[in-house]
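Chain and residue survey
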Amino acid sequence: MTLPEVNVLYPTDDRCRELLERLRWPEGVMCPRCKDTRVSRLKEYARYECVGCEYQFTATSGTIFHDSHLPLPIWFIAVLLLCEAKKGMRAHQLKRTIWGQHKGSYKTAWYLCHRIRAAMKEVDAPMLDGTVEMDETYVGGREHRGQGWNRPDNNKEVVIGIRQRGGELRFFHASDVKSGTLAKYIQENVSADVDVMVTDEMPAYPKAMISAGVHGSKHKTIRHKSKIYVDGDIHTNTVESAFSLLKRGIMGSWHKISAKHLPAYLDEMTFRFNRRKRSDLFIDTLRHMVTADPLTFETLTA
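These numbers were taken from a predicted model, which means no experiment stands behind them. (Residues numbered from 1 in each chain as written. Predicted model: local features only at pLDDT ≥ 70, side-chain atom pairs only at ≥ 80, totals over all residues. Heavy atoms only, no water.)

Considerations on the side chain of arginine 115
Mapping arginine 115 onto the fold places it in helix α5 (residues 106-119). In this view, arginine 115 contacts Ile64, His66, Ser68, Trp75 and Leu295; residues no more than four positions away in its chain are not counted. (Helix = DSSP H or I, 4+ residues; strand = E, 2+ residues; numbered from the N terminus. Contact = heavy atoms within 4.5 Å.)

This is the structure:
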């Protein structure tokens, strides 16, 4: 989907709402409160009323779009810009692109971006198997001293990356790189039937693998400190390439992100990366937006 196509296909609220209704209720309109399919359409504002509980609703009720005063065509343009920007798009750039230099507000654009990111959070993601790479990186802040895993005096944030070769990527904002923390992410995201897990030589990984149930023969290590980066099929270059894209996004697009909202940016990057080859990325993003829970400004800024 291109920007001219979005402008032609969805120029009005009515056209946008028709698409959202099809994405939210592919088998027919259903009451979001009691799940009753006996609904009647009201003439006013594309509104429905449930015959069972008499609840009135629209296609955007109880979704990311809920209680928004922005026209739906503006939402659609913002969704396209965010899901097609390989390194992400900052709120200031979105504001200038949609409203111009001296119109709109940064607060509106920032809230709009975060609501779209909230819909990009993966739910019930499949377990990774086959050959899986795991690595850690540090973003933000200023590094005072220490390198590698010995970073006692820096204020950088830890990001854990897990990527299946030829498969999906996972990013996590972690509190530390201790073995218990790493084991938790392995158990929650990697299948017990994984063929092999590849990591660098950080001391916490062997214990984490044992705690997560990954047998020693399935854990392969590449020794970066010995200047070895590829040893046959043993390397972490696949997950490190995703780290590179993340850092390009932080330095080149977002410029500055807070530790509080870092998980949202990681969700956005992961969502877009895993769907980078799909032709229905725009539609799939909208589908997630009409099934995700609403995000209020108070919740976002709490």
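Text resumes after the structure shown.
Examining the sheet that holds strand β6 (residues 169-174)
Strands sit in the order β6-β5-β4-β7-β8 across an open sheet of five strands; the sheet is mixed. Edge positions in the open sheet fall to β6 and β8 (219-221), since each of these has one partner strand only. Each strand axis lies, on average, 25° off the axis of its neighbour in the sheet, ignoring direction. As paired strands, strand β4 (residues 131-139) and strand β5 (residues 157-164) are joined by eight bridges and run antiparallel to one another. Looking across to β5, one finds that valine 132 is bridged to glutamine 164. Across the sheet, helix α8 (residues 237-254) is in contact with β4, β5 and β6; its angle to β4 comes to roughly 30°. (Pairing = 2+ DSSP bridges. Axes fitted to C-alpha atoms, helices over the stretch in contact; angles between N-to-C directions.)

Considering the layout of surface pockets
One number sums up the size of the largest pocket: a volume of about 870 Å³. In terms of lining, the largest pocket is formed by 37 residues, of which the most central are Ala118, Lys121, Glu122, Val123 and Asp267. Contributing elements (two or more residues each) for the lining of the largest pocket: α5, β6, α6 (179-189) and α9 (262-274). Tallying contributions element by element places α9 first for the lining of the largest pocket, with six residues. Residue composition of the lining of the largest pocket, grouped by class: 17 nonpolar, eight polar and 12 charged. (1 Å grid on protein atoms, 1.4 Å probe; cavity = no way out; pocket = protein on both sides within 12 Å on 5 of 7 lines; lining within 4 Å. Points joined across faces, edges and corners; volume = space filled by probe spheres on them. Nonpolar A, V, L, I, M, F, W, Y, C, P; charged D, E, K, R; others polar.)

Some thoughts on the side chain of arginine 275
Its location among the elements puts arginine 275 in the loop between α9 and α10 (281-289). Given a relative accessible area of 10%, arginine 275 falls into the buried group. Those residues in contact with arginine 275 that lie beyond four places of it in its chain are Glu122, Leu281, Asp284 and His288. (Buried < 20%, exposed > 50% of the residue type's maximum accessible area, 1.4 Å probe, protein only.)

Re the packing of helix α3 (residues 72-84) against helix α4 (residues 91-98)
Contact geometry for α3 and α4: axes closest at 11 Å, N-to-C directions at 130°. Between α3 and α4, the angle falls in the class oblique. Here α3 and α4 pass one another in a crossing that is right-handed. Touching Ile74, Ile77, Ala78, Leu81 and Leu82 of α3 are Leu94, Thr97 and Ile98, all from α4. Class assignment of the residues belonging to the contact of α3 with α4 gives a composition of seven nonpolar, one polar and no charged. (Parallel < 35°, antiparallel > 145°, perpendicular 65-115°, else oblique. Left-handed = near helix turned anticlockwise from the far one by under 90°.)

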